[in-house]
Amino acid sequence: MSNDSARIAGLVGSRICHDLVSPVGAISNGLELIALSGQPGPEEMALISQSCSSATARINLFRMAFGAASADQQIGGAEARKLLAGYCAGGRLSIDWLPSGDAERQDMQLAMLAALCCESALPLGGKVAVAEDGGGWRVTGTGPRLNIEPAAWAMLSGGALPDDLPPARVHFALLGALAPERGRKLDVSTGEAAVSVAIS
């Protein structure tokens with residue numbers, strides 16, 4: 001395993017753990033409140049239920065975006081929409097999966113990673129749309145404000161893995177590494193209120 005591959009693997013693990021700490025902590029708090037009161041109340045049960053749903057949604061999306069993808073596995077459009085709706089529930093971001101048919105798991109993984117890249121550029125929330133585009137994908141993020149981090153986005157064009165890349169941006173490194181391995185080209189374009197990743 002190369003040094004970059006080992007670093008990316010470590011960053012993926014850190015990212016998953018970081019994103020699951022909050023909902024799992026909320027579940028723990030809810031159980032603590034139940035233990036103190038002696039019986040579950042509606043507020044405690046609502047907190048636990050919401051936190052369980054959030055943790056499950058994140059695990060399912062991360063399995064798709066960061067997990068191993070076999071070349072012959074197919075994923076349906078309805079499943080992709082469900083994964084993304086769960087991930088975005090209760091937040092300021094929506095991710096619309098527009099294709100209705102099945103897609104190869106490896107291709108869908110690239111599109112999911114591109115959607116996470118677009119999410120990173122929308123600090124105030126917004127909308128990400130994933131569409132098929134001539135045998136590839138076009139993933140577009142729009143919102144009230146864009147925040148483009150040059151070092152992260154450069155990785156989609158063959159740029160080096162920054163020494164200080166935070167786990168919260170590991171999807172850029174993974175997409176930049178996996179796309180060429182699978183014979184795909186990435187093309188990024190940005191405007192005042194939109195960012196787009198074409199996967200061809």
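1. A closer look at helix H3 (residues 77-88)
Its twelve residues give H3 an end-to-end C-alpha distance of 17 Å, which sits within 8% of 16 Å, the value for a rise of 1.5 Å per residue. Immediately downstream of H3, the backbone of Gly-90 shows phi near 80°, a positive value.

2. Concerning the pattern of salt bridges
Evaluation of the coordinates by the stated rule reveals four salt bridges. A salt bridge links Asp-107 to Arg-184; the nearest nitrogen and oxygen atoms lie 3.0 Å apart. Taken together, the residues Asp-107 in helix H4 (residues 105-120) and Arg-184 in the loop between helix H6 (170-181) and strand S6 (186-190) connect sequence positions 77 residues apart. We note that Asp-107, like Arg-184, is buried. Two residues, Glu-149 and Arg-169, come together in a salt bridge whose shortest N-O distance is 2.7 Å. With a gap of 20 residues between them, Glu-149 in the loop between strand S5 (136-142) and helix H5 (150-154) and Arg-169 in the loop between H5 and H6 connect regions that are remote in the sequence. Of the residues examined, Glu-149 reaches a relative accessible area of 27% and is grouped as partly exposed. In this structure Arg-169 comes out as buried when scored by relative accessible area, which is 19%.

3. Quick look at the sheet that holds strand S4 (residues 126-133)
Think of a sheet as strands paired side by side through backbone hydrogen bonds, with each pair either parallel or antiparallel. Strand order in this open sheet of five strands is S2-S4-S5-S7-S6, and the pairing throughout is mixed. The outermost strands of the open sheet, each flanked by one partner alone, are strand S2 (93-97) and S6. Each strand axis lies, on average, 15° off the axis of its neighbour in the sheet, ignoring direction. Relative to S5, S4 runs antiparallel, the two being bridged by seven bridges. Directly across from Lys-127, in S5, lies its bridge partner Thr-142. Contacts between H4 and the sheet are confined to S2, S4, S5 and strand S7 (194-199), with S5 contributing the most and set at about 15° to the helix.

Rules used in this analysis
- Residues numbered from 1 in each chain as written.
- Predicted model: local features only at pLDDT ≥ 70, side-chain atom pairs only at ≥ 80, totals over all residues.
- Heavy atoms only, no water.
- Helix = DSSP H or I, 4+ residues; strand = E, 2+ residues; numbered from the N terminus.
- Expected span 1.5 Å × (residues − 1).
- Salt bridge = Lys/Arg side-chain N within 4 Å of Asp/Glu carboxyl O.
- Buried < 20%, exposed > 50% of the residue type's maximum accessible area, 1.4 Å probe, protein only.
- Pairing = 2+ DSSP bridges.
- Axes fitted to C-alpha atoms, helices over the stretch in contact; angles between N-to-C directions.
- Contact = heavy atoms within 4.5 Å.

Honestly, it's all geometry; don't read function into it.
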